[in-house]
Amino acid sequence: MQIRKYLNLFLIIIAMLVFTGCVSEQDFTAVDPGATDAVIIEIPSGSTAKSIGALLESEGLIRSADAFVKKVKDMDAAAALQAGQYQFSKAMSVEEVVKVVSGGEVYRNTFKVVVPEGFEVVQIAERLSADGHIDKDLFYKELRTGDFDYKFLSPEDRDTNLEGFLFPATYTFDVGTSEHDIIDAMLKKFDEVFKAEYYTQAESLGLTVREVITMASIVEREAMVHDERPVVAGVFYNRIQTKMALQSCATVQYILGERKEVLSNADIAIDNPYNTYKYPGLPPAPIASPGERSIKAALYPAATEYFYFVTTNLGDGSHYFSKTYDEHLQAIERSKQN
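This is a predicted model, so every value here is computed, not measured.

Undergrad: How should the overall build of the protein chain be read in this particular structure?
TA: Counting its regular elements, the protein chain contains 15 helices and six strands. Whereas a compact globule of 338 residues would reach a radius of gyration of roughly 20 Å, the protein chain reaches 32 Å, over 25% beyond that. Along the first, second and third principal axes, the C-alpha set of the protein chain runs to 115 × 45 × 35 Å. The 338 residues of the protein chain split such that 43% are buried. Restricting to contacts in the protein chain with at least 6 residues of sequence separation, those with at least 24 account for 62%. In the form shown here, the protein chain has an accessible surface area of approximately 18,400 Å², with 51% of it arising from carbon and sulfur atoms. Within the protein chain, one finds 33 positive and 49 negative side-chain charges whose respective centroids are separated by 4 Å.

Undergrad: Quick question: what am I supposed to make of the nonpolar core here?
TA: Ranked by size, the top nonpolar core spans 61 residues in total, and within it Leu128, Phe139, Phe152, Leu166, Leu187, Phe194 and Ile295 carry the most contacts. Top contributing element to this core by residue count: helix 10 (residues 209–222), with seven residues. Beyond its immediate stretch of four places on either side in the chain, phenylalanine 139 contacts Ile124, Ala125, Leu128, Ile134, Leu166, Glu179, Ile182 and Ile183. Counting 22 residues, the second largest nonpolar core, distinct from the first, contains Ile62, Ala67, Val94 and Val97.

Undergrad: Looking at this structure, I do not really get helix 10. What am I missing?
TA: Residues that lie three or four places apart on an α-helix share one face, since the helix turns once every 3.6 residues. Under the 1.5 Å per step criterion, the end-to-end length of helix 10 is 20 Å for 14 residues, consistent within 8% with the ideal 20 Å. Summarising burial for helix 10: 13 of the 14 residues are buried, a large majority.

Undergrad: So what exactly am I meant to see when it comes to the pattern of salt bridges here?
TA: As a working rule, side chains carrying opposite charge can pair if their charged atoms are close by. Inspection of the entire model under this criterion finds nine salt bridges. Linking lysine 136 and glutamate 126 is a salt bridge whose minimum nitrogen-to-oxygen distance equals 2.9 Å. Of this pair, lysine 136 sits in helix 6 (residues 136–145) while glutamate 126 sits in helix 5 (residues 121–130), placing them ten residues apart in sequence. On the accessibility criterion, glutamate 126 (41% relative accessible area) is partly exposed. In this structure, arginine 210 engages aspartate 157 in a salt bridge whose closest nitrogen and oxygen atoms are separated by 2.4 Å.

Cut-offs applied
Residues numbered from 1 in each chain as written. Predicted model: local features only at pLDDT ≥ 70, side-chain atom pairs only at ≥ 80, totals over all residues. Heavy atoms only, no water. Helix = DSSP H or I, 4+ residues; strand = E, 2+ residues; numbered from the N terminus. Rg over C-alpha atoms; globule rule 2.2 N^0.38 Å. Buried < 20%, exposed > 50% of the residue type's maximum accessible area, 1.4 Å probe, protein only. Contact = heavy atoms within 4.5 Å. Areas by Shrake-Rupley, 256 points an atom, 1.4 Å probe, with all protein chains shown as cover. Lys, Arg positive; Asp, Glu negative; His and termini not counted. Charge placed at Lys NZ, Arg CZ, Asp CG, Glu CD. Core = buried A, V, L, I, M, F, W, Y, C linked by side-chain atoms within 4.5 Å. Expected span 1.5 Å × (residues − 1). Salt bridge = Lys/Arg side-chain N within 4 Å of Asp/Glu carboxyl O.

Written out as structure tokens, the structure is:
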């Protein structure tokens, strides 16, 4: 009996050695702690801990498939293992690898696009198409005919490619995202920013949302100093109320398709409804995508007696503001001296 007892114990020890003997502490460590490259692996549907471990070992991402199986068991993660595409690194320990596959954090092949405040639709389309993320023709077609159901949009906005409503922000999209969904994400962001209070304020000003965004887009292009935006808006509203032309260089630059620092007499004589030197009031539609600060400036302009402004030429984007044309001429001279 005593011999049989020791024999059974011996067999148990041998079985344990057979199961764990090929797994050492080192097998649970990273293959290359200093590795920086990411490796994308597809875990097939129906994979088991054993088959996943074998796949990861064959790709050189872990030292031992058996170590992976053991760690899955120790972490009670077998039921949580999920198929999909995952991102790994040789700098990951076996435990970290198990957490990835059992956490369901499926790898997303994404791209980021930054839409700065003051960008025009053509610039947005160019930025997206430069890296092959959109087909420009399809993008413009979607702008004109796509199904977008937002309160702030009017039929006229389609005629101008939704200019002004593709909200400037940093976006992250999955590679392969459709032109429609990219546009919709930007419109959704606008919808989030243009809250109910803004609709009420626009109505109190006697303006449509399109007119507010048109004013905001001009403010966006004319003002660089944040505190000056409401003042610039106030100047333009003063001009509108007195039937004075807005005379915004930004609107002429929009016609030209380039941002010339100095406009020629021929430029400001262009016969185009966007030319606010020639046509009084707001242009037909926005000229760019304004940020929220410019939108707020258009909705809550400063109460001011100013009718003119000119850059200070101090290098900070600031302006001199004037009430009369004579004061404006003096400000121009100060600007030249600077």
